[in-house]
Amino acid sequence: MLGAVNRDSPRVLIAGSITRDTNFVDDEAHAAWGGTVLYATRTYHDLGAICRVVTSAAEPIAKHFPNGVELIVSASPVTTTFENTYRADQSRTQRAPHLAPPLPFDASLLDGIDFVHLGPLHPDDLAPEWYGIEQTPCGLDVQGLCRRVVDGEVVADASRQTREIVARMRWLKASVKEWSLLDDPPIADVELALTRGIEGGEVRIGKERSIWRPQPAIAHCDPTGAGDVFFAAYLAHRHRANEPAKAARLAARFTSEFLRDRPW
């Protein structure tokens, strides 16, 4: 893949539950390991970053992560499980039959880290302390805080607490639908990557807007993990001091290559 950032490699901490996924695309079922933590870590590794991964699982998972990653696994009675069903327009419905308990936080996890990538899959995926980190810049994928799991069904929802959390972050990633659930909260200088699926998206910083397009658009594919890949690639390139517009273009290109080839 293109767009390496291996000079001055960032040291990134990625936190969230790994998942066992079943993805239904064109009436075909595809089983895979997933979760923001896995897709983001693989992206950072391919781009030359140094990764510390904090996750939870009920079984050995080291083989699913790249060699050289520092993997810290919290034992869980279950591994989080998602079922994703995609429509022709790449919209999806989701079920989550099994959820691991909240991932505990310890301040020592931040030692030597340049920035944190939070990838909660639902509001109770991470212990609350993860959202109170102050000494290290944090990026948050908002999707997990814009849904609830009710009797195994994933439903769109966002709490007042989510609105408070996003204002504390340095970087955010959200789809247009997810952001609408937050009622466009004031985020001052927080950097927001707002995604529009196959159409691309934009980066917002205050009143500034930087548009990106797919590089190229990849239709009729399994899009699971595309947003995770994009956000990780974006943050990796922003760490190299690329301007938002350039970082978004490079991340979009990396994501298109991922969707075209799905190397992992």
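This text goes with the structure placed above it.
Just so it is clear, the model here is predicted, and its values are computed rather than measured. (Residues numbered from 1 in each chain as written. Predicted model: local features only at pLDDT ≥ 70, side-chain atom pairs only at ≥ 80, totals over all residues. Heavy atoms only, no water.)

## Re the packing of helix 1 (residues 36-46) against helix 4 (residues 226-239)
One can describe the packing of helix 1 onto helix 4 by two numbers: an axis separation of 8 Å at closest approach and a directional angle of 40 degrees. Accordingly, the angle class assigned to the pair helix 1 and helix 4 is oblique. Between helix 1 and helix 4 lies a crossing of right-handed hand. Two secondary-structure elements touch here, helix 1 through Thr-36, Tyr-39, Ala-40, Thr-43 and Tyr-44 and helix 4 through Asp-228, Val-229, Ala-232, Ala-233, Leu-235 and Ala-236. Here the residues of the contact of helix 1 with helix 4 are counted per class, giving 8 nonpolar, 2 polar and 1 charged. (Axes fitted to C-alpha atoms, helices over the stretch in contact; angles between N-to-C directions. Helix = DSSP H or I, 4+ residues; strand = E, 2+ residues; numbered from the N terminus. Parallel < 35°, antiparallel > 145°, perpendicular 65-115°, else oblique. Left-handed = near helix turned anticlockwise from the far one by under 90°. Contact = heavy atoms within 4.5 Å. Nonpolar A, V, L, I, M, F, W, Y, C, P; charged D, E, K, R; others polar.)

## Concerning unusual backbone geometry
Among all residues except glycine, the phi angle is most often negative; among peptide bonds, the trans geometry is most common. Note the cis peptide between Gln-215 and Pro-216, where omega equals 0 degrees. In this fold, Pro-216 is placed in the loop between strand 15 (208-212) and helix 4. Positioned with a positive phi, Asp-151 is a non-glycine residue whose angle comes to about 50 degrees. Secondary-structure assignment places Asp-151 in the loop between strand 10 (147-150) and strand 11 (153-156).

## Re the pairing of strand 14 (residues 201-205)
The buried count for strand 14 comes to 4 of 5 residues, which makes it a mostly enclosed element. The pairing of strand 13 (residues 191-195) with strand 14 spans 5 bridges and is antiparallel. Residue pairing for strand 14: Ala-193 is matched across the bridge by Val-203. The turn linking strand 13 back onto strand 14 is made up of 5 residues, and Gly-197 within it adopts a positive phi angle of 60 degrees. In the sheet, strand 14 pairs with strand 15 via 5 bridges, with the strands oriented antiparallel. Paired with Arg-204 across the strands is Arg-209, a residue of strand 15. Turn length for the strand 14-strand 15 hairpin, with the two strands adjacent in sequence and antiparallel, is 2 residues, and the turn residue Gly-206 shows positive phi of about 60 degrees. (Buried < 20%, exposed > 50% of the residue type's maximum accessible area, 1.4 Å probe, protein only. Pairing = 2+ DSSP bridges.)

## Notes on the nonpolar core
In terms of nonpolar packing, the biggest core is built from 40 residues, with Ile-14, Ile-18, Tyr-44, Phe-230 and Tyr-234 touching the most fellow members. Of all the elements in the fold, those that place two or more residues in this core are strand 1 (11-15), helix 1, strand 4 (50-57), helix 4 and helix 5 (244-261). Of all the elements, helix 4 adds the most residues to this core, at 9 residues. In terms of nonpolar packing, the next biggest core, distinct from the first, is built from 31 residues, Leu-13, Tyr-131, Ile-133 and Ile-165 among them. (Core = buried A, V, L, I, M, F, W, Y, C linked by side-chain atoms within 4.5 Å.)

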